[in-house]
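This is what each chain is made of:
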Amino acid sequence: MKSILILNPYLSTLGGGEKAMGYFCRSLEEYFHYDVNIDILVFNTYGVDVFAEDYIEIKDLNSQFGIQLKKTHIKKLNLPISKSWKETVKNKYFVEKVSRGYDIFVNFMFLSKHIGHAKKNIYHCFFPPKRYAMELRGRGRALGILYDLMFLLRYDLYISNSQYTNHWLAEFWKLKRRSRVVYPPVFSEKEMKGRYLEAKKKNIILSVGRFFVGTHSKKQLDMVRFFMEYSHKLSGYEYHLVGSVSEREADQSYLKQVEALAREAGNIHIHVNCKYGVLMELYQQAKIFWHATGYGIDENKEPEKMEHFGITTVEAMSYGAVPVVINKGGQKETVEEGVNGFRWDTKQECVEKTCRLMNDGILRKRMAQESVKRAANYSVEEFDRQNREVLHGLNL
C-alpha cells in the first residue's frame, strides 16, 4: 500500500485550490487502484482551529466538489502560529518532519517553501514563493540560501496551474526542467453538456470569488464602484457578486464595505456563502462575467497578486457567460481578446467592452458559444489524463 502526505492547511476554505487538491487525491486513489492511504496535513492558520468540533471533514470535501474520496483522511498537527523568524523556522521543521516515512509528499500549500522528505516529492504550484535569498538580509540570508538550495533539490517535480505561474516559477527559481503545467479541473465533460441555454439568459453581470484582502484579492469593492460610476451606461442590468468569507476581522470588514456600497444601488446583489445550486443558476442566467483581480497593481512588481489561473472565469465560460476580465495573469490564457470574451486594462475599457456585449446580441451569442468551446480544455477528464502521465513519469 502506498502512503501519501498532502500539505494543505487552507483546506477549510474549500476554494479552487482545494478543489484541485480533492480531484488530485481522487486521481491518486484511482491510479493506485485504491491500495493507498492519503493523509491531508492541516494545522492552525489565520485563526482557524483545526481541532474545533465543526472543522471540515472529508465528507464535506466530497459534498462540495462532487467527488467520493475513499482512502483519504485528515491529519491534524498541533502547531502554534509563528510570531518570529525563529518560530517560523521551527514550525517549518516540524511540518517537514511529518513527511518522513511516506512514499509520496505533495505540497499543495499556497506560497509554501516547505520541503518534503518522502521517497518522491511533488510541488503543486499555484504561484511560486520568492527565494529566501530575495527576501532576507543580514545573518539570516546565509541560512536562507541553504533553504533555497534544499527546496530546489528535494522536489522531483513542480506542477504549475498555468503558463503564467510556470513563467514566474522559472523567473524566481531558474527552473527549466522538472516543471510542467497541469490546468486545474473545473468540471466533467458530462457536466458541461447543456449548460449554455440562451433562453435562460437574463440581463445579469456576475462576479464570483471569495471576499478577502491581501494576496490576490478579487477586487469586489472596485467592481461595485465601476458599476455605480457608470450606472447610466449599464442601466437595465443587475450586478450579482457571489463568494464566501472567512472569520478574519479584515475579511469581514471588507465584505461590510462592499455590502454598504451596494445598498446605495437597487440593482446590485451580494450573495455570501450561497448554496451551490444558487451559484449554478446565476452562472446560467448571467450574460456577462466580470473579473478584476490585479486591478491597480503592477503585474511585474507584484505578480503574486494577479489571478494565477481563474477557475471561476472558466466556470462562467462553460455556461455561456461572456468574460470581460482584466488583462493580467492567467486570464490571458483562458480569454482570447475578441473571440470568446474581452480583456481590459482600465475601468473605462471594462465598461466600454461590457456595453458592446449589452448592445450587440449577435456578438454576445457568438462569444458565448466560443466560450463554451474553450471551456472544454479544462475538464476533469483532461486533468486526470495528465495526472496519470505525471505519476507514470515518476515511476510511481
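Here goes a summary of the coordinates provided. What you are looking at is a predicted structure, and each value in this text was computed from that prediction instead of being measured. (Residues numbered from 1 in each chain as written. Predicted model: local features only at pLDDT ≥ 70, side-chain atom pairs only at ≥ 80, totals over all residues. Heavy atoms only, no water.)

Considering the pattern of salt bridges
A complete count under the given rule lists 19 salt bridges for this structure. A salt bridge links Lys92 to Glu96; the shortest N-O distance between them is 2.5 Å. Pair noted here: Lys92 and Glu96 are both in helix α3 (residues 85-98), with a separation of four residues, about one helical turn. In this structure Lys92 comes out as buried when scored by relative accessible area, which is 8%. Between Glu389 and Arg385 there is a salt bridge; the shortest N-O distance is 2.7 Å. Of this pair, Glu389 and Arg385 both sit in helix α15 (residues 380-393), four residues apart, roughly one helical turn. (Salt bridge = Lys/Arg side-chain N within 4 Å of Asp/Glu carboxyl O. Helix = DSSP H or I, 4+ residues; strand = E, 2+ residues; numbered from the N terminus. Buried < 20%, exposed > 50% of the residue type's maximum accessible area, 1.4 Å probe, protein only.)

Quick look at empty space enclosed by the protein
Applying the stated criterion to the full structure yields three cavities of 30 Å³ or more. Volume-wise, the largest cavity comes out at about 70 Å³. The wall of the largest cavity is formed by Ala20, His124, Cys125, Phe126, Ile159, Ser160, Asn161, Val182, Tyr183, Pro184 and Phe383. Every element with two or more residues in the lining of the largest cavity is listed here: β5 (120-125) and β6 (157-160). (1 Å grid on protein atoms, 1.4 Å probe; cavity = no way out; pocket = protein on both sides within 12 Å on 5 of 7 lines; lining within 4 Å. Points joined across faces, edges and corners; volume = space filled by probe spheres on them.)

Regarding the sheet that holds strand β10 (residues 268-272)
Here six strands make up an open sheet; going across it, the order is β10-β9-β8-β11-β12-β13 and the pairing parallel. Bordering the open sheet on either side are β10 and β13 (342-344), each of which pairs with just one other strand. Strand-to-strand twist across the sheet, computed as the mean angle between neighbouring axes with direction ignored, equals 20 degrees. One ladder, built from four bridges, connects strand β11 (residues 288-291) with strand β12 (residues 322-326); its direction is parallel. Looking at the pairing, His291 lines up with Val325 of β12. Against the sheet, helix α10 (residues 276-285) engages β8 (204-208), β9 (238-243), β10 and β11, with an angle of about 135 degrees to β8. (Pairing = 2+ DSSP bridges. Axes fitted to C-alpha atoms, helices over the stretch in contact; angles between N-to-C directions. Contact = heavy atoms within 4.5 Å.)

Thoughts on the nonpolar core
With 66 residues, the main nonpolar core has Ile4, Ile6 and Ile40 as its most contacted residues. Residues contacting Ile40, with those up to four places away along its chain left out, are Ile6, Asn8, Leu11, Met21, Cys25, Ile58, Leu61, Thr72, His73, Ile74 and Lys75. Counting residues in each nonpolar core, the second largest holds 37 residues, with Tyr196, Met223, Tyr239 and Cys350 among its members. (Core = buried A, V, L, I, M, F, W, Y, C linked by side-chain atoms within 4.5 Å.)

Considering the pairing of β11
Alternating positions in β11 separate into two faces, Ile288 and Trp290 on one and Phe289 and His291 on the other, with burial throughout. Judged from the two bridges that link them, β8 and β11 form a sheet pairing that is parallel. Within β11, the residue paired with Leu206 across the bridge is Phe289. In this region the chain leaves β11, passes through helix α11 (residues 311-318) and returns to the parallel neighbour β12; the handedness of that crossover is right-handed. (Right-handed = clockwise from strand over helix to strand, strands pointing away.)

A short note on a nonpolar patch on the surface
Together, Trp85, Leu143 and Leu146 make up an exposed nonpolar region whose accessible area comes to about 250 Å². Mapped onto the secondary structure, Leu146 falls in helix α5 (residues 140-154). On the basis of relative accessibility, which here comes to 44%, the residue Leu146 falls in the partly exposed class. (Patch = residues over 30% accessible without salt bridge, like charges linked within 9 Å, V, L, I, M, F, W, Y side chains within 5 Å. Areas by Shrake-Rupley, 256 points an atom, 1.4 Å probe, with all protein chains shown as cover.)

Section: α5
It helps to recall that an α-helix has 3.6 residues per turn; residues three or four apart then point in one direction. Look at α5: 21 Å from first C-alpha to last across 15 residues, which is about the 21 Å you get at 1.5 Å a residue. What α5 keeps buried is the set Gly140, Gly144, Tyr147, Asp148, Phe151 and Leu152. Down the axis of α5, the buried set is contained in an arc of 135 degrees. They therefore lie on one face. Among the exposed residues of α5, those oriented more than 90 degrees off its buried face are Ala142 and Leu153. Here the buried face of α5 lies against α3, β5, α4 (132-135), β6 and α6 (163-173). (Expected span 1.5 Å × (residues − 1). Arc of directions from axis to C-beta.)

Considering unusual backbone geometry
With a phi close to 65 degrees, Tyr34 is a non-glycine residue in the positive phi region. Among the residues examined, Tyr34 registers a relative accessible area of 32% and is labelled partly exposed. Look at Lys174: it is not a glycine, yet its phi comes out positive at around 55 degrees. Along the chain, the position of Lys174 falls in the loop between α6 and β7 (179-181). Relative accessible area serves as the criterion here: at 59%, Lys174 is assigned to the exposed category.

What to know about the environment of Val324
Mapped onto the elements, Val324 comes out in strand β12. Overall, Val324 belongs to the buried group, its relative accessible area being 0%. If near-sequence neighbours (up to four positions away) are discounted, Val324 is found in contact with Ile288, Phe289, Trp290, His291, Phe342, Trp344, Cys350, Lys353, Thr354 and Leu357.

Points about the packing of helix α8 (residues 220-229) against helix α9 (residues 249-262)
Taken N-terminus to C-terminus, the directions of α8 and α9 make an angle of 10 degrees; their axes are 9 Å apart at the nearest point. Our classification of the angle between α8 and α9 gives roughly parallel. Across from Gln220, Leu221, Val224, Arg225 and Met228 in α8, the residues of α9 making contact are Tyr254, Gln257, Val258, Leu261 and Ala262. Across the contact of α8 with α9, the residue classes tally to seven nonpolar, two polar and one charged. (Parallel < 35°, antiparallel > 145°, perpendicular 65-115°, else oblique. Nonpolar A, V, L, I, M, F, W, Y, C, P; charged D, E, K, R; others polar.)

Some remarks on the state of the cysteines
Per the counting criterion, the structure on display carries zero disulfides. A disulfide-free cysteine, Cys25 has its sulfur positioned 18 Å from the sulfur of Cys125, the nearest such atom. Cys25 sits in the buried class, given a relative accessible area of 0%. (Disulfide = S-S within 2.5 Å.)

Some details on the environment of His117
Structurally, His117 is set in the loop between β4 (104-107) and β5. Taking the C-alpha atoms as reference points, His117 and Arg131, 14 residues apart in sequence, are found 20 Å from one another. Apart from residues lying up to four places away in sequence, His117 is in contact with Glu96, Ser99, Arg100 and Arg154.

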